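Examining the three-dimensional arrangement
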Amino acid sequence: MATEKVITACPRDCQDCCSLEVEVQEGKIIRVDGDKNHPVTRGFACPRGRSYPELVYSSERILKPLLKKEGNWEEISWKEALDLIEKKIRGYLETYGPESIFNYHYSGSESITKKVTMRLFDRLGATGVTGDLCMQAGVSAQKYDFGGLEQSDLTDLPNARGCVVWGRNVRVTHPHALPFIREGRDKGMSLATINPLSTGIEDISDLIIRPKPGTDAALALGTANYLIQKELIDRDFIFEHIHGFEAFREAAEEYDLEKTSAITGVEEENIVKLAWFYKNHKPVTTLLGYGLTRYRGGGNIIRAIDALAAITGNIGEAGAGVSYCSDRFWFLGKHLQGQTNPYRRNLDMANLAEEIQNSKNPPLKMGFINAANPVVNVPDTDEMQKALQGLDFLVVVDLFLTDTAKEADLFLPCTSFFEEEGVRVSSWSPWVFYCPKIIEPLGEARPDEEIMIELAKRLRIKDFPWLNRKELLEWAAEPLEEIGLNLEELREKGHILPSNHNPIAWEGRHFKTPSRRIELFSKKAKEEGNSPVANYLPPLGDNYELPFQLISAHSQYRIHSQFQVTPYIKKLNPEPRVIINPDIAEKRGLEEEDLAVIFNDRGEITARVEIDNRIRPGVIQVESGWDISSGACVNSLLPPHKTEMGDCGALYDVRADIKKKE
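Here, residues in each chain are numbered from 1, in the same order as that chain's written sequence. Under the rules for a predicted model, residues below a pLDDT of 70 receive no local features and side-chain atom pairs below 80 are neither given nor counted, while totals for whole chains, interfaces and linings still include all residues. Only hydrogens and water are set aside when side-chain values are computed; all heavy atoms of the structure are taken into account.

Some thoughts on the overall build of the protein chain
Runs of E in the DSSP output that reach at least two residues are strands. Runs of H or I that reach at least four are helices, and both are numbered from the N terminus. A tally of regular secondary structure across the protein chain gives 23 helices and 26 strands. Atoms counted for the radius of gyration: C-alpha only. Globule rule: 2.2 Å times the number of residues to the power 0.38. The C-alpha atoms of the protein chain give 25 Å as radius of gyration, which agrees with the globular expectation for 662 residues (26 Å, within 12%). For the C-alpha atoms alone, the extent of the protein chain along its principal axes is close to 75 × 60 × 60 Å. Here the protein chain holds 662 residues, and the buried ones make up 63% of them. Here, Shrake-Rupley sampling with a 1.4 Å probe gives the accessible areas, and only protein chains in the shown set may cover a residue. Within the structure as shown, the protein chain displays about 25400 Å² of accessible surface, and the carbon and sulfur contribution to it stands at 46%. Each residue gets one of three labels from its accessible area relative to the maximum for its type: buried under 20%, exposed over 50%, partly exposed in between, using a 1.4 Å probe on protein chains only.

Okay, here's the thing in structure tokens:
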């Protein structure tokens, strides 16, 4: 039986942005794996990618619109579903005004057209949702420091003589970095790992540092202070490329070795070793993780590490840099959104449940959620459920009846990316990926964009001119011409690396700050109510009496709450686990494979104990993304804390305790 192999790209919210090889037989996907010919993917797909056939053809996937009547789901036609949405929207517009309706769209599936949902509700005048649950604290930080966001390609990493993996678990969240780290090691590169959690690369690391969670700014400032005091900094680089060094020097001065060690729990000896690592192994690449920014002071953590790299001259050359993300393709999103309404009401994502419940003038009556599962992924799961239950009418677009979809009054089934044509770009890859339509839509599933275009027609939304999804895609791809590409070329050639791409971040040191230098003192930060120089803000969790820091790290087997539905992932990751140090296990009388209860004042979850002597004492690690039925939806324990910049949820700034389940 003949098979066809088609190249596409994974649209999930992931640093790797894999090129995928899809094997199709008689119109059905039978296998998905990494693209052997892509220079980064190199034929490897993670477990999530390999589980795609099971995801697409899952018996739990919903393929027809569903309407809830007296607590039970009933299948209805698309015409009935769209008629009902139109009727509801028109009714709320007339009675309460557009701000009585809100839209929540996040990153469940990404292509250059997906966020057209946000454009529709913006033009409607509806309430939006702002803020972030992932990376915006660090985005704000690097904009203060560099004026923009650039990161070097992974292909440049082997040019480094030193690599610091700071707060990033590459085995779990960035596995395609590992071959480049190993290649660098083969060429003599030294490796430092800084993380309170076990990362799986300790066996190849020359220096391992496990700071107290949320104290990384103090660690970076103390390391910088040691370098300054010992005159181990790059004076020429500072003179030519840094603004505000003296202000930074004064800020770092209070962090002597003794104080830094007391704050971070890192031995003075290792602070000194880290300083010499940056001095002796130039050029040094620093790979940052997003867990660093999930504390009250997350933005300042990034600014302090940026400064440490800058004063040692580890910016703007091959093998050097501080990799967080890149804004190279963000112009495409701005094009899609167009001129947004500056006066619309917005809800705070990190405190979404309370904001929905307390909305007034007008109160929120209707919600429309797609590409998101806020019940599981937004802080305070219990309150999020109550908030959605308090709405008059909720529409959810998804492939599955997630915990959010279960609260809906109307469910609309959407297509997977295999069932639609798209273009994929990423904040972590320099490639422009073409995603062809590989199979026909299953059942009655429709692309999100088609749903939005139909609603726009019915509601006569202005500034929404497309008649179909093909027109929208062609229009959304037009700005690619700015980087020498177009949609027809992508359709013909597949994935393309733009010819004007530079693999080295900030090469030439042409920074985009007002001073055109790296701004260790940022006037803009000060004007926006932040410290003008990097400083240390103790975690908010330090104000709570519970003994242990709770970190809800990403899973190797899911993207947030996605993929657990597949048999392959269920086999690999059958139940929730909690990872603790032997010290906590002894204090709480816990043994390997015990069932344990993790709890705080907000609630409790249950997970199977795993004891790992590599995790820092005093830390409890669980996986984010487990649904409510698992008994381990950790967001039920998370308060709506925020970072000091970037409007980001401080999801790791939480304390808890643990005990054996009776």
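Re the pattern of salt bridges
By definition, a salt bridge exists where a carboxyl oxygen of Asp or Glu is found within 4 Å of a side-chain nitrogen of Lys or Arg. Counted according to the given criterion, the structure contains 55 salt bridges. Close ionic contact of D463 with R123 constitutes a salt bridge, the shortest N to O distance being 2.9 Å. Highlighted residues: D463 in the loop between helix 18 (448-459) and helix 19 (469-476) and R123 in helix 4 (residues 116-124), separated in sequence by 340 residues. D463 gets classed as partly exposed once you look at its relative accessible area, which sits at 42%. Of the charged contacts in the structure, one is a salt bridge between E449 and R469, with a shortest N-O distance of 3.1 Å. A residue pair is termed long-range when its members are at least 10 positions apart, and E449 in helix 18 and R469 in helix 19 qualify at 20 residues. Across this residue pair, the class does not change: E449 and R469 are buried. Through salt bridges with shared partners, a single network forms among K79, D83, E86, R90, E454 and R458.

Quick word on unusual backbone geometry
Look at the link from K282 to P283: it is a cis peptide, with omega at 0°. Relative to the assigned elements, P283 resides in the loop between helix 12 (268-280) and strand 12 (284-288). Cis geometry marks the peptide bond from N361 to P362, where omega comes out at 0°. Among the structural elements, P362 can be located in the loop between helix 15 (352-357) and strand 15 (366-370). The backbone phi angle of R460 is positive, close to 55°, even though this residue is not glycine. With respect to the helices and strands, the residue R460 is situated in the loop between helix 18 and helix 19. Positive phi, normally seen in glycine, also occurs at D463, with a value near 60°.

Here we look at the pairing of strand 5 (residues 72-75)
Relative to strand 5, strand 4 (residues 66-69) is paired through four bridges, and the arrangement is antiparallel. Of the residues in strand 5, the one forming a bridge with K68 is W73. Two strands are counted as paired when DSSP detects at least two bridges linking them. Where strand 4 folds back onto strand 5 in an antiparallel hairpin, the turn is made up of two residues, including E70, whose phi is positive at roughly 55°.

Structural notes on helix 14 (residues 330-337)
Within helix 14, the full set of buried residues consists of L332, L336 and Q337. Considered in projection along helix 14, the buried side chains sweep an arc of 130° and stay on one side of the axis. For helix 14, the elements touching its buried residues are helix 4 and helix 19. Arc, as used here, means the arc of the directions from the helix axis to the C-beta atoms. Two residues form a contact once any of their heavy atoms are found within 4.5 Å.

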